[in-house]
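Descriptive structure summary
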Amino acid sequence: MTKKKSGAAMPHIRMIDSEADALTELTLQQQRDSVRFYELLLGEIDRAAICERTDIPPDVVTMGSSVTFIDEKSRAERTVRLVYPAEADISAGRMSILTPIGAGLIGLSVGQSINWPDRGGIEHRLTIVAVEQPV
C-alpha cells in the first residue's frame with residue numbers, strides 16, 4: 001500500500017538492506033537536531049521495500065550513486081552524488097543523505113517523482129532523470 005503525503009501518492013521505493021540499517025542508525029543518532037526531518041527519513045526507510053544490493057536495479061538511487069533530478073518548482077536540473085555526511089561537499093557535487101533533498105532522493109528510480117520539503121518546509125516536486133551507480 002502506498003501512503004499519501006500532501007494528497008499525492010508516494011512512489012514505490014527500494015533500498016539496499018545494509019544501507020537501510022546504516023541510515024536508520026545514522027538518523028537515530030542525529031535525530032535531536034531536527035526531529036521533523038529525521039522523522040521523514042525514518043518514514044522513507046520504513047516504507048521502502050528492503051532488498052539485498054544484488055536485487056536493486058541500476059536505475060535506483062542508492063548511497064554513492066550519481067543522480068540527476070529536476071526540481072519541478074524551479075525547473076532546475078542538478079546532478080549530485082548521494083553520500084554519508086562525512087563525505088559531503090556540495091561544491092564538489094557530493095550531497096549528504098542527511099539533507100532534505102538527499103533524503104527525498106534515496107530509493108527512487110528513473111522517471112519517479114516525489115513531493116518533498118526543503119529546509120524551510122516548502123514542498124518541491126523532485127523527478128529523477130538519470131542514475132549512475134558507483135564503480
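Residues numbered from 1 in each chain as written. Predicted model: local features only at pLDDT ≥ 70, side-chain atom pairs only at ≥ 80, totals over all residues. Heavy atoms only, no water.

Going through the model one piece at a time under the given rule, you end up with 1 cavity of 30 Å³ or more. Here the largest cavity defines a volume of roughly 40 Å³. If you trace the largest cavity, you find it lined by Asp71, Ile101, Trp116, Pro117, Asp118, His124 and Leu126. Listing elements by their share of the lining of the largest cavity, those giving two or more residues are β8 (113-117) and β9 (123-132). (1 Å grid on protein atoms, 1.4 Å probe; cavity = no way out; pocket = protein on both sides within 12 Å on 5 of 7 lines; lining within 4 Å. Points joined across faces, edges and corners; volume = space filled by probe spheres on them. Helix = DSSP H or I, 4+ residues; strand = E, 2+ residues; numbered from the N terminus.)

This brings us to the side chain of serine 66. Within the secondary structure layout, serine 66 lies in strand β5 (residues 66-71). The contact partners of serine 66, leaving out residues within four places of it in the chain, are Thr79, Val80, Arg81, Ala130, Val131 and Glu132. (Contact = heavy atoms within 4.5 Å.)

Moving on: the nonpolar core. If you look at the biggest cluster of nonpolar residues, it comprises 30 residues, and the most contacted ones within it are Ile97, Leu105, Ile106 and Ile128. Elements with a minimum of two residues in this core: α1 (17-30), α2 (35-47), β5, β6 (76-83), α3 (100-105), β8 and β9. Sorting elements by how many residues they give to this core places α2 first, with 5 residues. (Core = buried A, V, L, I, M, F, W, Y, C linked by side-chain atoms within 4.5 Å. Buried < 20%, exposed > 50% of the residue type's maximum accessible area, 1.4 Å probe, protein only.)

Below, the discussion takes up the side chain of histidine 124. With respect to the secondary-structure elements, histidine 124 resides in strand β9. One polar contact links histidine 124 to aspartate 118, side chain to side chain, over a distance of 3.0 Å. (Polar contact = N/O pair within 3.5 Å; in protein donor to acceptor, adjacent residues only side chain to side chain.)

Right, let's talk about the confidence of the model for the protein for a bit. In the predicted model, the protein carries a mean pLDDT of 88, and 90% of its residues have values of at least 70. pLDDT under 50 marks residues 1-5. Its contacts with residues more than four places away, or in other chains, come to 14 contacts. (pLDDT = per-residue confidence, 0-100.)

For the rest of this paragraph, the subject is the pattern of salt bridges. Inspection of the entire model under this criterion finds 4 salt bridges. Where glutamate 19 meets arginine 53, a salt bridge forms, and the shortest distance between an N and an O atom there is 3.0 Å. Of this pair, glutamate 19 sits in helix α1 while arginine 53 sits in the loop between β4 (49-51) and β5, and the two are 34 residues apart along the sequence. Relative accessible area serves as the criterion here: at 5%, glutamate 19 is assigned to the buried category. A salt bridge links arginine 94 to aspartate 89; the shortest N-O distance between them is 3.8 Å. The exposure class assigned to aspartate 89 is partly exposed, which follows from its relative accessible area of 29%. (Salt bridge = Lys/Arg side-chain N within 4 Å of Asp/Glu carboxyl O.)

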